[in-house]
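Chain by chain, the residues run as shown.
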Amino acid sequence: MYQRYDELYKEAAEKGDIIAINNPGNCYFNGIGTEKDEIKTFELYKEAAEKGDTNAINNLGYCYQNGIGTEKNETKTFELYKEASEKGHIKAINDLGYCYFNGIGTEKDETKAFELYKEAAEKDEINAILNLGYCYRNGIGTEKDETKAFKLFKEAAGKGTEKDETKAFDLYKEAAEKDEIYVILNLGYCYKNGIGTEKDETKAFELYKKAAEKGIIQSIYQLGEHYFYGIGTKKNEIKAFELYKQAAEKGYSDSMNDLGYCYQHGIGTEKDETKAFKLYIKAAENGHITSMNNLGECYQYGIGTNKDEIKAFALYKELVERDHIYSLYDLGYCYENGVGTEKDEIKAFKLYEEYENKL
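Bear in mind that the values here come from a model prediction, so they are computed numbers and not experimental data. Sequence order as written defines residue numbering, which begins from 1 separately in each chain. Where local features are concerned, this predicted model is filtered to residues with pLDDT of at least 70; where side-chain atom pairs are given and counted, the filter is 80 or more; whole-chain, interface and lining totals use all residues. With hydrogens and water excluded, all non-hydrogen atoms of the structure serve as input to the side-chain values.

### Some thoughts on the pattern of salt bridges
Argument step 1. Should a side-chain nitrogen of Lys or Arg be within 4 Å of a carboxyl oxygen of Asp or Glu, the pair is scored as a salt bridge. According to the stated counting rule, one finds 14 salt bridges in the structure shown.
Argument step 2. We note a salt bridge from Glu273 to Lys271, for which the minimum N-O separation is 4.0 Å.
Argument step 3. Residue exposure (1.4 Å probe, protein chains only): buried if accessible area is under 20% of the type maximum, exposed if over 50%, otherwise partly exposed. Judged by relative accessible area, which is 30%, Glu273 ranks as partly exposed.

Here's what the structure looks like:
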């Protein structure tokens, strides 16, 4: 049966049907009705992409990203995802966000990544929904909002399963047993939060540990969180510090921020406010909202840097404009006490009131 489909695709491709050119590429990629052949996969995607097929453009980007039938080329990966996304390809919008998130073929920009994930999520792209939830959960490119994150993870878990969290959990479990690493990450999240199963923080810890051992940056960070707070394991601040450091060295902004916090307060390591300040700077440059707020505090109180109340005020003001709740209080404090700006008790009162209403 599959062999017949493959033959029909080839026949149509020979007549110049661009969709039919892309589809045999899928056949060679997955070994449907023929032997797997990554070089032929790449060549067919390339041919269809040159004729303007958006699916093929996105698929070609994936080939360059992962070195399928060609050498890895992150610049081409980024350009192809960008081209396909501009043509309205939903998966490509998410993939482009991934490039900005990880600095693949372009400068890392977590704010752009967040915006692209949001755009694709609004069009029901399941991976984008998960990625957007991750951004909200960790304050990446936006304000941290665990309620929104939880809703998004629930939505993603239910896609294609009639909103049945138990079925979604079973599917994650089945895939995780086959060592699909990113699914192991999702399964850990299900156990941690009781989605589709009973809450089991010990199992969550074990799953994050398994994925972390395979080098998944998000899991390295999550494992650090488990040790830091004693979730599913004994609290161990030294291990938490080491894991935050490992993920931070791989460019993970959440870990840069939390590592900075460890250095600032001497958690799992010797206190070093200069290192803390530098880490907050680095994460803030990636658009990490919490780090920008921490940076404001460093300037306000002279932590690891010279005191600069004007810079502190400017950071708090920018964060308030970006809807960061906790910066409402900090900006209110600045107006109340004339920190980096003229004293204005009316503005201070309004900011405090808004802060209380949003808590």
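### Quick look at unusual backbone geometry
Backbone phi values are negative for most residues with the exception of glycine, while trans is the configuration of most peptide bonds.
Argument step 1. Phi is positive for Asp124, close to 70 degrees, though the residue is something other than glycine.
Argument step 2. Assessed through its relative accessible area of 46%, Asp124 is described here as partly exposed.
Argument step 3. Its identity is not glycine, yet Asp323 carries a phi of approximately 65 degrees, on the positive side.
Argument step 4. Only runs of H or I of at least four residues qualify as helices and only runs of E of at least two qualify as strands under DSSP, and these elements are numbered from the N terminus. Checked against the element boundaries, Asp323 lands in the loop between α18 (309–321) and α19 (325–337).

### Focus: a nonpolar patch on the surface
Argument step 1. A grouping of Tyr301, Tyr329 and Tyr333 is seen on the molecular surface, where their side chains present a nonpolar patch of about 320 Å² in accessible area.
Argument step 2. As for its position among the elements, Tyr329 is in helix α19. Patch membership requires more than 30% relative accessible area and the absence of a salt bridge. Residues of like charge join within 9 Å; the nonpolar side chains Val, Leu, Ile, Met, Phe, Trp and Tyr join within 5 Å. Reported accessibility uses the Shrake-Rupley method at a 1.4 Å probe radius. Residues are deemed covered only where the shown protein chains occlude them.

### Thoughts on the confidence of the model for the protein
Argument step 1. Residues of the protein with pLDDT of at least 70 account for 85%, and the chain-wide mean is 85.
Argument step 2. Each residue carries a pLDDT score, the predictor's own confidence in it, on a scale running from 0 to 100. Least confident of the elements in the protein is helix α1 (residues 2–14), whose mean pLDDT is 43; most confident is helix α14 (residues 237–249), at 97.
Argument step 3. Every residue in residues 1–13 is under pLDDT 50, and counting partners more than four places away or in other chains gives 18 contacts.
Argument step 4. Working rule for contacts: check all heavy atoms of both residues, and any pair within 4.5 Å makes them a contact. Below pLDDT 50 for its whole length, residues 15–25 participates in 27 contacts with residues either more than four positions away or in separate chains.

### Here's the deal with helix α8 (residues 126–138)
Argument step 1. In a helix, the anticipated span is given by 1.5 Å times the number of residues less one. The end-to-end C-alpha distance of α8 is 19 Å, a good match for the 18 Å that 13 residues give at a rise of 1.5 Å each.
Argument step 2. Most of α8 is tucked away: 10 of the 13 residues are buried.
Argument step 3. Considered for burial, the residues of α8 that qualify are Ala128, Ile129, Leu130, Leu132, Gly133, Tyr134, Cys135, Tyr136, Arg137 and Asn138.
Argument step 4. Gly139 occupies a position one or two residues after α8 and carries a positive phi of about 65 degrees.

### Overview of the packing of α18 against α19
Argument step 1. Axis geometry follows a simple rule: fit a line to the C-alpha atoms, using only the stretch in contact for helices, then measure angles between N-to-C directions, giving values from 0 to 180 degrees. It is the contact of α18 with α19, at a shortest axis distance of 9 Å, that shows an interaxial angle of 135 degrees. On the basis of their axis angle, the class for α18 and α19 is oblique. α19 is crossed by α18, and the crossing has left-handed handedness. Within the contact between the two elements, α18 uses Phe313, Tyr316, Lys317, Leu319 and Val320 and α19 uses Ser327, Leu328, Asp330, Leu331, Cys334 and Tyr335.
Argument step 2. Amino acids outside the nonpolar list (Ala, Val, Leu, Ile, Met, Phe, Trp, Tyr, Cys, Pro) and the charged list (Asp, Glu, Lys, Arg) are all regarded as polar, and Gly is one of them. Considering only residue class, the contact of α18 with α19 consists of eight nonpolar, one polar and two charged. Roughly parallel means an angle under 35 degrees; roughly antiparallel means over 145; roughly perpendicular covers 65 to 115; every other angle is labelled oblique. The sense of a crossing depends on the near helix, which, turned anticlockwise from the far helix by less than a right angle, makes the crossing left-handed and, turned clockwise, makes it right-handed.

### Focus on the packing of aromatic side chains
Argument step 1. A pair of Phe, Tyr and Trp rings is counted when the ring centres sit within 6.5 Å of each other, with Trp represented by its six-membered ring. The angle between the planes then sorts it: under 30 degrees is stacked, over 60 is edge-to-face, the rest tilted. Under the criterion given, the structure shown has 16 aromatic pairs.
Argument step 2. Aromatic pair Phe42 and Tyr64: ring centres 5.4 Å apart, planes at 85 degrees, arrangement edge-to-face. Of the two residues, Phe42 is situated in helix α3 (residues 38–50) and Tyr64 in helix α4 (residues 54–66); the sequence distance between them amounts to 22 residues.
Argument step 3. For Phe42, a relative accessible area of 9% translates into the label buried.
Argument step 4. Where Tyr134 meets Tyr252, the ring centres are 6.3 Å apart and the plane angle is 50 degrees; that geometry is what we call tilted. Linking Tyr134 in helix α8 with Tyr252 in the loop between α14 and α15 (253–265), this pair joins segments that are 118 residues apart in sequence.
Argument step 5. Owing to a relative accessible area of 10%, Tyr134 belongs among the buried residues under this scheme.
Argument step 6. The exposure class of Tyr252 is buried, given its relative accessible area of 4%.
Argument step 7. An aromatic cluster of three or more residues is present, and its members are Tyr134, Tyr221, Phe228, Tyr229, Tyr244 and Tyr252.

### Points about the environment of Glu309
Argument step 1. For Glu309, the position within the fold is in helix α18.
Argument step 2. On the accessibility criterion, Glu309 (29% relative accessible area) is partly exposed.
Argument step 3. Separated by 10 residues in the primary sequence, Glu309 and Tyr299 place their C-alpha atoms 6.1 Å from one another.
Argument step 4. In this view, Glu309 contacts Tyr299, Gln300, Val339 and Gly340; residues no more than four positions away in its chain are not counted.

### Overview of the packing of helix α16 (residues 273–285) against helix α17 (residues 289–301)
Argument step 1. Packing of α16 against α17 leaves a shortest axis separation of 8 Å and a crossing angle of 140 degrees. Here α16 is positioned oblique relative to α17, judged by the angle of their axes. As α16 packs across α17, the resulting crossing turns out to be left-handed. Contacts between α16 and α17 pair Phe277, Tyr280, Ile281, Ala283 and Ala284 from the former with Ser291, Met292, Asn294, Leu295, Cys298 and Tyr299 from the latter.
Argument step 2. Split by residue class, the contact of α16 with α17 holds nine nonpolar, two polar and no charged.

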